[in-house]
Amino acid sequence: MSKIKVVHYINQFFANIGGEEKADYPAEKRPGEVVGPGMAFNAAFGDEAEIIGTIVCGDTYFNENVDKATADILEMVKEMQPDLFIAGPAFNAGRYGVACGTIASAVQEKLGIPSLTGMYVENPGVDMYASKVYMVSTKNSAAGMRDAVKKMAPLALKLAKGEAIGASCEEGYIPNGVRVNFFEEERGSKRAVDMLLKKLAGKAYTTEYPMPAFDRVAPNPAVKDLSKAKIALVTSGGIVPKGNPDHIESSSASKFGEYDITGVTDLTADTYETAHGGYDPVYANADADRVLPVDVMRDLEKEGVIGELHNKYYATVGNGTAVASAKAYAAEIAKRLIADGVDAVILTST
Amino acid sequence: MVKEIERAGLPVVHICTVTPISMTVGANRIVPAIAIPHPLGNPALNHEEEKKLRRKLVEKALRALTTEVEDQTIFED
């Protein structure tokens, strides 16, 4: 039997092209090449499958040109005629995860080729695509590559062969919302009582119906009179005073910073920079107003369009930062903003 | 972060390039930005034009803050 033909999608980083300075790398087809994590997949496939080509695309390029990048990559996949398409794994890289989810679900839907990706459960690509394409749950950094490949390779082979796919907890993919009817050995009443007894005894138990987490916050009323409003700037783009006095980490930030901008009318290359390690810092370092628009806000303040620009701004680095951390920082920031009489917030993200 | 600030009771507008992520994290007022590494700028323009572009985006964000919304809204224009 001939080997299953696989096309693999990776970003500029895993293709060894470069980091953020190369994130605007357009989609590129490399027939016959096995690149980076593709080697681990090939090894795990053994005699059953092989990678016949790799597609590389920069994360920023993909996300800023979603339609074109998707169309171009679909065309490349079509030319190589694989039996299976694998994207990533993307771990906790947000733009990479969104790219993997987008392209894997597009290949599956538009070309009818079974597809698989993998990422960390907090990656934004999960909420967007987990219901559209199989997504293996991985660790949050590339240190989890071996574990990811070990789970992805067998599932990928099953998909390519059209074999039945078991439940998410057996196969290791992120629950996709599909429910399958089957007969349990024990009846419901007994299972419920067993679960209750475990709960009462403080032991671990697994619910059969996890409650969906609908965490939406209703919009607050609009600002009535801008000319009297005190507006604050907050950013996840890592803008800090030059030298990064609080040592905010370039990824997985453990803190946020509060910075006084009293009298500051313009952020310059000499005074401010970015601490963010998840995008090309050249533009923000040259002029941080491109991320945190202090110059324009000062003009609007002077012209009386807004009442006042709050004299403190808040910044953290939203690069691989845990959702729980971001939540805690923002709750504390909001408390301070309210205590200072701020009426509304402009939050910028990169 | 946007959602937690909103939860605390402050109206907040999110300026970001990848708006689907903003929708996923639950921002209510969203203004699409220019590009990931320079959301409120464009290094291809001269300083004056670039500042004008930034001002337009900030004005759009302020308009979003003064607009009542009932649901997640992307302010395209």
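For the structure itself, consult the block above.
Criteria and thresholds
- Residues numbered from 1 in each chain as written.
- Chains lettered and ligands numbered in written order.
- Predicted model: local features only at pLDDT ≥ 70, side-chain atom pairs only at ≥ 80, totals over all residues.
- Heavy atoms only, no water.
- Axes fitted to C-alpha atoms, helices over the stretch in contact; angles between N-to-C directions.
- Helix = DSSP H or I, 4+ residues; strand = E, 2+ residues; numbered from the N terminus.
- Parallel < 35°, antiparallel > 145°, perpendicular 65-115°, else oblique.
- Left-handed = near helix turned anticlockwise from the far one by under 90°.
- Contact = heavy atoms within 4.5 Å.
- Nonpolar A, V, L, I, M, F, W, Y, C, P; charged D, E, K, R; others polar.
- Salt bridge = Lys/Arg side-chain N within 4 Å of Asp/Glu carboxyl O.
- Pairing = 2+ DSSP bridges.

Run through the packing of helix H3 (residues 66-80) of chain A against helix H4 (residues 94-111) of chain A, naming residues and quoting values.
Relative placement of two packed helices is described by the angle separating their axes and the distance separating the axes. All names here are of chain A. Viewed as axis vectors pointing N to C, H3 and H4 meet at an angle of 55 degrees, and their least axial separation amounts to 10 Å. Viewed along their axes, H3 and H4 adopt a mutual orientation that is oblique. In this structure, H3 meets H4 at a crossing whose hand is right-handed. Touching Val66, Thr70, Ile73, Leu74, Val77 and Lys78 of H3 are Thr102, Ile103, Ala106, Val107, Lys110 and Leu111, all from H4. Across the contact of H3 with H4, the residue classes break down as eight nonpolar, two polar and two charged.

Report on the pattern of salt bridges, specifying residues and quantitative values.
Counted under the stated rule, the structure contains 28 salt bridges over all chains. What you see here is one network of salt bridges that share partners, running through Asp215 of chain A together with Lys3, Glu4 and Arg7 of chain B.

Talk me through unusual backbone geometry; I want residue IDs and the actual numbers.
Residue and element names in this part refer to chain A. In this chain, Gly88 is followed by Pro89 through a cis amide linkage whose omega measures 10 degrees. Its place among the elements puts Pro89 in the loop between strand S4 (84-87) and H4. Look at Gln81: it is not a glycine, yet its phi comes out positive at around 45 degrees.

Which residues make up the sheet that holds S4 of chain A, and what values go with them?
Residue and element names in this part refer to chain A. Spatially, the six strands line up as an open sheet ordered S2-S3-S1-S4-S5-S6, and their pairing is mixed. The sheet terminates laterally at strand S2 (28-31) and strand S6 (134-138), the two strands that pair on one side only. The sheet shows a mean angle of 25 degrees between the axes of neighbouring strands, taken without regard to direction. Where S2 and strand S3 (residues 49-57) come together, four bridges link them in antiparallel fashion. Following the sheet pairing, Pro31 is matched in S3 by Gly53. Contacts between helix H1 (residues 37-45) and the sheet are confined to strand S1 (4-11), S3 and S4, with S3 contributing the most and set at about 165 degrees to the helix.

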